[in-house]
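Descriptive structure summary
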Amino acid sequence: MAILVPGGAGYIGSHTVYALIDQGEDVVVVDNMQTGHRAAVHPGARLWEGDIRHEAFLDELFVKEKIDAVIHFAANSLVGESVQKPLDYYDNNLYGTMVLLRCMAKHDVDKIVFSSTAATYGNPDSVPILESAPTRPANPYGETKLAMEAMMKWVSAASRLRYVSLRYFNACGALEGGAIGEDHRNETHLIPIVLQVANGTRPEVTIFGNDYNTPDGTCVRDYIHVMDLAQAHLLALKHLRNGGKNEIINLGNGVGFSVKEVVDTCRSVTGKDIRAVTGPRRPGDPDQLVASSLRAQEVLGFSAGMPRLDDIVASAWEWHRSHPRGFDS
Ligand code: UDP
């Protein structure tokens, strides 16, 4: 029996596929390559190139492959883009998940680990954020992820489906050894952008706002290594295989760093003089997002293998230094 990984050519998906195969799992990746990379797919995984919204395509996959469980990453995931193009997010994220769940039901696949986000919380009243905190997404990305969670909840109530939804905070870093790493075209994420200044492919980083309600005025985020996220997916899969119940679980390190602190850490890790300028706020950015990671420990037995920001940045730098043009390098 195989694990189906929709979105397995994307950043977090491809790293999780490496972890699954490392653990001896048989893996099938489905990806439409809208933002994924063929070169990111582990050579030991079977790649079905196509779109989860195409039910006939997905049906054929479920007939030909024997699927035990799904780890679902296939989604559009940029906050700013979601504000500009909300219907793209409803279409790919919500409709895509609907087709996927329908195919799973048709083919008796009853376990799904789901890629959710801290953006479901919106601007929190306090940090660290517990899973019981109110969910008030401030953009269509967070809204569609929350609606995907609700879809799984109601399908689960009406069928045998069980799910674990993992609400990630800020994923970063790369697989050790440099085989794969983070490569978004039109990069919008902080750490890759800062490291692109360090590797000479970008002249400067703009700090989006320095008047937030935080100690140094720049936004505070909780950065977690992508391979720690990958391990958490493996633990969530184990939980479901052991008959565990539905869960929603935060994944972060429980420690916040400001944008300025991230830039300074990148300077000290790379030894480069990284030029940073201050610009206006980016719409939709909450002041602080920091996870309570207690539930991940209690329910999944999760603990991060690489919790320190300098180690996470060093891991990302190994990739960006050796791959200045990402997978085209
Ligand atoms: N950020 C920034 N400059 C950039 C990109 C990001 O100041 O060029 C800030 C952004 O406003 C946020 C933090 O860095 O406060 C993390 O942003 P990112 O896009 O990496 O992740 P997000 O928190 O949106 O998931």
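Residues numbered from 1 in each chain as written. Predicted model: local features only at pLDDT ≥ 70, side-chain atom pairs only at ≥ 80, totals over all residues. Heavy atoms only, no water.

**Digging into the site of the ligand**
What counts is decided by this rule: Here a residue is near a molecule or strand as soon as one of its heavy atoms is found within 4 Å of it. Throughout this description, a polar contact denotes any pair of N or O atoms lying within 3.5 Å of each other; where both atoms belong to protein, one of them has to be capable of donating a hydrogen while the other can accept it, and for residues adjacent in sequence the pair is counted only when both atoms sit in side chains. Using the Shrake-Rupley algorithm and a 1.4 Å probe, accessible areas are obtained, with residue cover drawn only from the displayed protein chains. Helix numbering and strand numbering both begin at the N terminus, where a helix is a DSSP run of H or I of at least 4 residues and a strand a DSSP run of E of at least 2.
In the vicinity of the ligand, 14 residues are found, and the nearest of them are Leu190, Thr206, Phe208, Arg282 and Asp285. A distance of 3.0 Å separates an oxygen atom of the ligand from a polar side-chain atom of asparagine 170. Between the ligand and phenylalanine 208, the relevant distance is 2.9 Å, taken from an oxygen atom to a main-chain nitrogen or oxygen of the residue. Here the ligand loses 89% of its free accessible area of 510 Å² to cover by the protein chains. The set of elements that each furnish at least two residues to the shell around the ligand consists of helix H6 (190–198) and strand E8 (205–208). It is E8 that provides the largest number of residues to the shell around the ligand, a total of three residues.

**Examining the environment of arginine 160**
Under the convention used in this document: Any two residues whose heavy atoms approach within 4.5 Å at even a single point are treated as in contact.
Mapping arginine 160 onto the fold places it in the loop between helix H5 (140–158) and strand E6 (162–168). As for arginine 160 and serine 322, which are separated by 162 residues in sequence, their C-alpha atoms are 46 Å apart. Once residues lying within four places of it in the same chain are set aside, the contact partners of arginine 160 are Asp108 and Asp110. A polar contact is formed between the side chain of arginine 160 and the side chain of aspartate 110, at a distance of 2.8 Å.

**Focus: the sheet that holds E6**
Strands belonging to one sheet form pairs held by backbone hydrogen bonds; the direction of such a pair is parallel or antiparallel. Where we set the bar: Strand pairing is defined by DSSP finding a minimum of two bridges between the two strands. Convention adopted: a line fitted to C-alpha atoms gives each axis, helices being fitted over their contacting stretch, and angles between N-to-C directions are expressed from 0 to 180 degrees.
Within the open sheet, the seven strands sit side by side as E3-E2-E1-E4-E5-E6-E11. Their pairing is parallel. Strand pairing shows two members of the sheet lacking a second neighbour, strand E3 (46–49) and strand E11 (247–251), which therefore form its edges. Mean inter-strand twist for the sheet, computed between neighbouring axes without regard to direction, equals 20°. The pairing of strand E4 (residues 67–72) with strand E5 (residues 111–117) spans three bridges and is parallel. The partner of histidine 72 across the bridge, within E5, is phenylalanine 114. Contacts between helix H2 (residues 55–64) and the sheet are confined to strand E1 (2–6), strand E2 (26–31), E3 and E4, with E3 contributing the most and set at about 160° to the helix.

**Structural notes on the packing of aromatic side chains**
Aromatic ring pairs are defined here through the distance separating the ring centres and the angle between the ring planes. Definition in use: Aromatic pairing here means that ring centres of Phe, Tyr or Trp (its six-membered ring) are within 6.5 Å. Orientation follows from the plane angle: under 30 degrees is stacked, over 60 is edge-to-face, and everything else is tilted. Remark: exposure states derive from per-residue accessible area (1.4 Å probe, protein chains only) relative to the maximum for the residue type, with buried under 20%, exposed over 50%, and partly exposed in between. Charge over a ring is defined by NZ of Lys or CZ of Arg lying within 6 Å of the ring centre and within 35 degrees of the ring normal.
For the coordinates displayed, the defined rule picks out two aromatic pairs. Look at tryptophan 319 and phenylalanine 327: their rings are 5.1 Å apart centre to centre, the planes differ by 55°, and that puts the pair in the tilted class. Both residues of the pair, tryptophan 319 and phenylalanine 327, belong to the buried class. Against the face of tyrosine 212 rests arginine 281, its NZ or CZ located 3.9 Å from the ring centre.

**Overview of the nonpolar core**
Our working definition: As used in this record, nonpolar core signifies buried Ala, Val, Leu, Ile, Met, Phe, Trp, Tyr and Cys residues forming a set joined through side-chain atoms within 4.5 Å.
Leu20, Val27, Leu166, Ile191, Val205 and Leu251 are the most contacted members of the largest nonpolar core, which has 66 residues in total. The element contributing the most residues to this core is helix H7 (residues 226–241), with nine residues. Ignoring any residue separated from it by four or fewer positions in sequence, one finds valine 27 in contact with Ile3, Val5, Val17, Leu20, Ile21, Ala45 and Arg46. Core analysis: the second largest hydrophobic core is formed by 28 residues, Trp48, Leu58, Val99 and Leu100 among them.

**Side note on the pairing of E8**
Along E8, the buried face is formed by Val205 and Ile207; none of Thr206 and Phe208, which line the opposite face, is buried. Pairing of E8 with strand E13 (residues 276–279) involves four bridges; the strand directions are parallel. Note that in E13 the partner of isoleucine 207 across the bridge is threonine 278.

**Concerning the packing of helix H1 (residues 11–22) against H7**
Stated precisely, the cut-off is as follows: Under this scheme an angle from 65 to 115 degrees is roughly perpendicular, one under 35 degrees roughly parallel, and one over 145 degrees roughly antiparallel; angles in between are oblique. Left-handed describes a crossing whose near helix is turned anticlockwise from the far helix through less than a right angle; right-handed describes the clockwise counterpart. Polar here means any residue outside two lists: the nonpolar Ala, Val, Leu, Ile, Met, Phe, Trp, Tyr, Cys and Pro, and the charged Asp, Glu, Lys and Arg; Gly therefore counts as polar.
Between H1 and H7, whose axes approach to 8 Å, the crossing angle comes to 60°. Viewed along their axes, H1 and H7 adopt a mutual orientation that is oblique. The two elements H1 and H7 cross, and the hand of that crossing is right-handed. Contact residues: Tyr11, Ile12, His15, Thr16, Ala19 and Leu20 in H1; Val226, Met227, Leu229, Ala230, Gln231, His233, Leu234 and Leu237 in H7. Of the residues in the contact of H1 with H7, the class split is 10 nonpolar, four polar and no charged.

**Observations concerning H7**
Here is the rule: Each residue after the first adds 1.5 Å to the expected span of a helix.
Along its 16 residues, H7 runs 23 Å from first to last C-alpha, staying within 8% of the 22 Å computed at 1.5 Å per residue. Taking burial as the measure, the 16 residues of H7 include 12 buried ones, the bulk of the element. Within H7, burial applies to Val226, Met227, Asp228, Leu229, Ala230, Ala232, His233, Leu234, Ala236, Leu237, His239 and Leu240. In the stretch just after H7, glycine 243 is the one whose phi turns positive, near 90°.

**Quick word on the packing of H6 against helix H8 (residues 259–270)**
Between H6 and H8, whose axes approach to 10 Å, the crossing angle comes to 40°. Regarding the angle of H6 to H8, the classification is oblique. In this structure, the crossing between H6 and H8 has a hand that is right-handed. Mapping the contact onto sequence places Leu190, Ile191, Val194, Leu195 and Ala198 in H6 and Val259, Val262, Val263, Cys266 and Thr270 in H8. In terms of residue class, the contact of H6 with H8 is made up of nine nonpolar, one polar and no charged.

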